[in-house]
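Tertiary structure, described
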Amino acid sequence: MPQQQMDVVLTKAGRVKIRYAAGVLTDDGSRISVLAAWAAPGARDFGFVRFEPGDEFTEHYWRDRWYAVTEVRDSRGTLKGWYCDITRPAVVRDGDSGPAELVVEDLDLDLWVSADGSQVLRLDEDEFAASGLTARDPDAARQAMSALDAWERVAKEGGLPGLLTA
């Protein structure tokens, strides 16, 4: 059970995309794992998965890696799959007047892996290309593509669940 509360702050292009409360499950100094409920209003149907009120997200963030991985379960606890966000390394900072904040910059690239592993989908490569990151910060763009490629390989080999529990 989560003990400490913190706010997860997802930024994109210098703006806050979403902020929500989460309970800290573990923090080993490199990886921090939190538990959160679906934070957006209403449901969101992506075509390959539907996120909705009652869904539970076990989110894994790294301070030294270019991704975040979320295990998604429905309100009954049934695994829907994993959503891998390609991000800059996470930063944890003291909240100004509230709980600590886990701040992550979204770099547009994503990977969806269905619960049974039959779907491994690269997402938002068009948004990444349009973001201008390749010209603005070529090293970050290389890190992002490398992280996406690595997670795709891991997912296709069926190793994603084991990596998250190790």
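You'll find the structure just up there.
Report on the accompanying structure. Every value quoted in this text rests on a predicted model; they were computed, and no experiment measured them. (Residues numbered from 1 in each chain as written. Predicted model: local features only at pLDDT ≥ 70, side-chain atom pairs only at ≥ 80, totals over all residues. Heavy atoms only, no water.)

Moving on to the pattern of salt bridges. By the definition in use, this model includes 20 salt bridges. For R63, the salt bridge goes to D27, with nearest N and O atoms at 2.7 Å. A residue pair is termed long-range when its members are at least 10 positions apart, and R63 in the loop between strand 6 (56–62) and strand 7 (67–73) and D27 in strand 2 (residues 15–27) qualify at 36 residues. With a relative accessible area of 28%, R63 lands in the partly exposed category. Judged by relative accessible area, which is 41%, D27 ranks as partly exposed. (Salt bridge = Lys/Arg side-chain N within 4 Å of Asp/Glu carboxyl O. Helix = DSSP H or I, 4+ residues; strand = E, 2+ residues; numbered from the N terminus. Buried < 20%, exposed > 50% of the residue type's maximum accessible area, 1.4 Å probe, protein only.)

For the rest of this paragraph, the subject is the environment of H60. Checked against the element boundaries, H60 lands in strand 6. For H60, a relative accessible area of 8% gives the class buried. Side-chain polar atoms of H60 contact the side chain of S33, separated by 2.7 Å. (Polar contact = N/O pair within 3.5 Å; in protein donor to acceptor, adjacent residues only side chain to side chain.)

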